[in-house]
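Below are the chains, spelled out letter by letter.
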Amino acid sequence: MGKMHIKMKVNGEDVETLAEPRELLIHVLRERLNITGPHIGCETSHCGACTVDMGGKSVKSCTVFAAQANGADITTIEGLGNPDSLHVLQEMFKEHHGLQCGFCTPGMITRAHRLLQEIPDPTEEEIRFGMAGNLCRCTGYQNIIKAILAAVAELNAVKEAAQ
């Protein structure tokens, strides 16, 4: 089967690549574009280690064909911050020990980022429900929830200071 020409915007940059129609987005990101933040976990959409933001929604990139991402705007963990300027979620995960072994962290933070756009001031219950599709094999959920709540407090403090 011939390869498709795929154009996407990934982390704010226009990218073009060739991919087979049956090729999964996670493989295109990692192997063709060298974006290794999203991890290959279960490959069945259960763990969420591959979570990316695509077109304003959290998606498990292990269940999205690259062809479906043609023309999409995609954000991975690499697009949220960098080592010199961490995103507030990255900073709070670090500060509140939400990192554990780190395997699930890129998917957790990317999902949390979308969740906070969907619900800017979520309750703990809303965070737990909103993060339910992302699993931590270290079972460090309490610190992950604390980190997200701390990020919410930080973001709200910045908003209040700006008003």
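Computed from a prediction, not measured in an experiment: that's the story for all the values here.

A. Molecular detail of the nonpolar core. Formed by 22 residues in total, the largest nonpolar core has its most connected members in L89, F93, M108, M131 and I148. Breaking this core down by element, the ones donating at least two residues are α2 (88–95), α3 (105–118) and α5 (141–162). Among the elements that take part in this core, α5 stands out by supplying seven residues, more than any other. Other than its neighbours up to four places away in sequence, F93 contacts G98, L99, T105, M108, I109, I144, A147 and I148.

B. Spatial organisation of helix α1 (residues 25–32). Within the sequence span of α1, burial applies to L25, I26, H27, V28 and L29. Residues of α1 that are buried in the fold lie against β1 (4–10), β2 (13–19), β3 (51–54) and β5 (73–75). Just downstream of α1 lies N34, where phi reads positive at about 60 degrees.

C. Representation of the pairing of β1 in the model. As paired elements, β1 and β2 share seven bridges and run antiparallel to each other. Looking across to β2, one finds that K9 is bridged to D14. Linkage of β1 to β2, two consecutive antiparallel strands, is achieved through a turn of two residues, within which N11 is found at a positive phi near 55 degrees. The sheet contact formed by β1 and β5 spans two bridges and is parallel. When the sheet's bridge partners are listed, V10 is paired in β5 with I74.

D. Highlighting the state of the cysteines. A full pass over the atoms with the stated rule returns zero disulfides. There is no disulfide at C62, and the cysteine sulfur nearest it, in C50, is 3.6 Å away. For C62, a relative accessible area of 6% gives the class buried. For the unlinked cysteine C138, the closest cysteine sulfur is that of C101, found at 3.6 Å.

E. Focus on the pattern of salt bridges. A complete count under the given rule lists seven salt bridges for this structure. One salt bridge in this structure joins D14 and K9, with 4.0 Å as the shortest N-O distance. Its relative accessible area of 64% is what places D14 among the exposed residues. The shortest N-O distance in the salt bridge between E91 and K94 comes to 3.8 Å. Taken together, the residues E91 and K94, both in helix α2 and three residues apart, mark about one turn of the helix. On the accessibility criterion, E91 (27% relative accessible area) is partly exposed.

F. Focus on the sheet that holds β3. Taken in spatial order, the five strands make up an open sheet running β2-β1-β5-β3-β4, and their pairing is mixed. Among the strands making up the open sheet, the edge pair consists of β2 and β4 (57–60). Strand-to-strand twist in this sheet, taken as the mean axis angle between neighbours without regard to direction, amounts to 40 degrees. Most of the contacts of α1 go to β2, to which it runs at about 105 degrees, and overall it touches β1, β2, β3 and β5. On top of the sheet, α3 reaches β3, β4 and β5; it is set at about 35 degrees to β3, its chief contact.

Criteria and thresholds
- Residues numbered from 1 in each chain as written.
- Predicted model: local features only at pLDDT ≥ 70, side-chain atom pairs only at ≥ 80, totals over all residues.
- Heavy atoms only, no water.
- Core = buried A, V, L, I, M, F, W, Y, C linked by side-chain atoms within 4.5 Å.
- Buried < 20%, exposed > 50% of the residue type's maximum accessible area, 1.4 Å probe, protein only.
- Helix = DSSP H or I, 4+ residues; strand = E, 2+ residues; numbered from the N terminus.
- Contact = heavy atoms within 4.5 Å.
- Pairing = 2+ DSSP bridges.
- Disulfide = S-S within 2.5 Å.
- Salt bridge = Lys/Arg side-chain N within 4 Å of Asp/Glu carboxyl O.
- Axes fitted to C-alpha atoms, helices over the stretch in contact; angles between N-to-C directions.

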